[in-house]
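# Coordinate inspection notes
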Amino acid sequence: MISVFSVFFRLGEQSLLKRLVGDLVLLASPQTHRLKSVQQFVAFTLCTASLSPPPHCLMMAVNPRPTLTLQQATELTLQVYGVTVTDITTLPSYIDQNFLVVDKEGTKYVLKILNSEDSKNTTLVGVQTLAMSFLHQHGVPAQTAVSTTTGQLMRLEEIDCGHGAQIYCVRLLSYLPGKTIAESPVTTRDLHNVGKLAASMDNILQQLVSPNIEVLEENNSPWSLSNIPVLEGYLSVMDGDPLQEVIKAVIEQFKSHVQPKLSSFQKGIIHGDLNDQNIIVIPAANGHHEVSGILDFSLLTNGCYVFEVAIMITYLMLENSSPLDVGGAVLAGWESIMLLNNDEKDSLFLLVLGRLCQSLVYGRYNVKKYPDNKKYLLTTAKNGTRLLTNLWELGKKEVERKWFTDASTYSDS
């Protein structure tokens, strides 16, 4: 567990203020309001010292997404981790920033800069980091955090990316080899194994112990599949698109057919975002692939197991040449470890459609905020629009018949 968080406020030429403020230290597992109080103290000190405060102390950040240059990331890695970078490239990310860094020994790492909003909840990030390490210890291919030069697993840093200095949570993570499953020609047997691994992983997570485990109850993201009706507030981004009517219909069916069943869904700690960009695979024998990495635990939550299944099915269909073959394989793999109940199975189709709707709507909404990341934000839109339309036209009965029939053909081995 992280014992100390250091917040460094670099204030240029203001040496007097450096001496006054110094390195502000927060105790283990600070809550968001404590971070805010530190920031308020700095602002107060700036003002009462009769010095001109930098603009970022006077206003809230308008763009939480970090956009460090390669040079900034290189210097940060050396400063915080003592790692001399010989090669660095950017990696895709939704709203954070990731870099692949290589040190002089040829060891690869991933430098992850969390967006400034999520960086405020260091308690949650701490539990996510703990979960990754816990899974790694139990044989799941998850990344682990590298300690800073002062022995921390994460660090809060004030960085100016060109739109005002903000506080970002920084971690250096182990590198996992392979390609995303989206880039790999996986078989239905591979998909079965993915479903099985996911269920095994969630089983292991039930043993996770932390004094802050309750923070996972509060991680109620708009991306949660229980929050499909929240999409109604974002539908204006779909104005003029005929898909808007399909999305509206999915939301209404969710409210009438899934919401009443939510209380009967089995719950536990889940990854929450097992999409085709967060599952890494490497080639295995006979044209198969095996999972070499599970990435991005930012949506780790105490949620419904059927949500995990629906999210996997949704994204694994996107790049598959036979998308309807995905559901049965993933479901059979999952149920070889953990059975779904009747209400969960009856809701699976609408949960998959709901996730497609979330990804398409939030992707288009976020493009307006972060146009420079348009290609990644609209990854789902490339095939997702057609997939949502096709599934809607086929209908619940036909799709479920295919999924459940296929699932019944797999053995438990």
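What you see is a predicted model; the values in this text were computed from it and never measured.

Rules of the game
- Residues numbered from 1 in each chain as written.
- Predicted model: local features only at pLDDT ≥ 70, side-chain atom pairs only at ≥ 80, totals over all residues.
- Heavy atoms only, no water.
- Core = buried A, V, L, I, M, F, W, Y, C linked by side-chain atoms within 4.5 Å.
- Buried < 20%, exposed > 50% of the residue type's maximum accessible area, 1.4 Å probe, protein only.
- Helix = DSSP H or I, 4+ residues; strand = E, 2+ residues; numbered from the N terminus.
- Contact = heavy atoms within 4.5 Å.
- Pairing = 2+ DSSP bridges.
- pLDDT = per-residue confidence, 0-100.
- Salt bridge = Lys/Arg side-chain N within 4 Å of Asp/Glu carboxyl O.
- Expected span 1.5 Å × (residues − 1).
- Bend = angle between axes of the 7 residues up to and from the residue.
- Polar contact = N/O pair within 3.5 Å; in protein donor to acceptor, adjacent residues only side chain to side chain.

In this structure, Ile247, Trp334, Leu351, Leu388 and Leu391 are the most contacted members of the largest nonpolar core, which totals 86 residues. When residues in this core are grouped by element, the largest group, twelve residues, is from helix α8 (residues 305-318). Beyond its immediate chain neighbours, meaning those up to four positions away, leucine 391 contacts Met317, Leu324, Phe349, Val352, Leu353, Leu356 and Val399. The next biggest cluster of nonpolar side chains, apart from the first, holds 18 residues, and it includes Val80, Val83, Tyr109 and Leu111.

A few words now on the sheet that holds strand β11 (residues 279-283). Here three strands make up an open sheet; going across it, the order is β9-β11-β12 and the pairing antiparallel. The open sheet has two edge strands with one neighbour each: β9 (179-180) and β12 (289-294). In terms of strand pairing, β11 meets β12 through five bridges, oriented antiparallel. Paired with isoleucine 279 across the bridge in β12 is isoleucine 294.

Bringing the pairing of strand β4 (residues 97-103) into the picture now. Counting buried positions along β4 yields seven of seven residues, so the element is predominantly enclosed. Side chains Gln97, Phe99, Val101 and Asp103 of β4 all project onto a buried face; the interleaved residues Asn98, Leu100 and Val102 project onto the opposite face, where all are buried too. Of the strand pairs in this sheet, strand β3 (residues 85-91) and β4 are connected by six bridges, and their pairing is antiparallel. When the sheet's bridge partners are listed, valine 85 is paired in β4 with aspartate 103. Where β3 folds back on β4, the antiparallel hairpin that results is connected by five residues. In the sheet, β4 pairs with strand β5 (residues 108-113) via six bridges, with the strands oriented antiparallel. Note that in β5 the partner of asparagine 98 across the bridge is lysine 112. Following β4, the chain reverses through four residues before pairing antiparallel with β5; glycine 106 in that reversal takes a positive phi of roughly 90°.

On to the confidence of the model for the protein chain. Keep in mind that low pLDDT regions are not for reading the predicted coordinates in detail. Of the residues in the protein chain, 84% have a pLDDT of 70 or more, and the chain-wide mean is 86. Note on residues 1-61: pLDDT is under 50 here. Beyond four places in sequence and across chains, it has 89 contacts.

Applying the stated rule across the entire model yields 15 salt bridges. Linking lysine 120 and glutamate 117 is a salt bridge whose minimum nitrogen-to-oxygen distance equals 3.0 Å. In the salt-bridge network here, residues are joined through shared partners; they are Lys261, Asp346, Lys396 and Glu400.

With 28 residues, helix α10 (residues 342-369) should reach 40 Å at 1.5 Å per residue; the first-to-last C-alpha distance of 40 Å fits that figure. Residue leucine 348 marks the point of greatest curvature in α10, where the axis turns by about 45°. Counted residue by residue, α10 has 20 buried out of 28 residues, so it is predominantly covered. Among the residues of α10, the N-terminal cap falls to asparagine 341, whose side-chain oxygen and the backbone nitrogen of aspartate 343 are separated by 3.1 Å.

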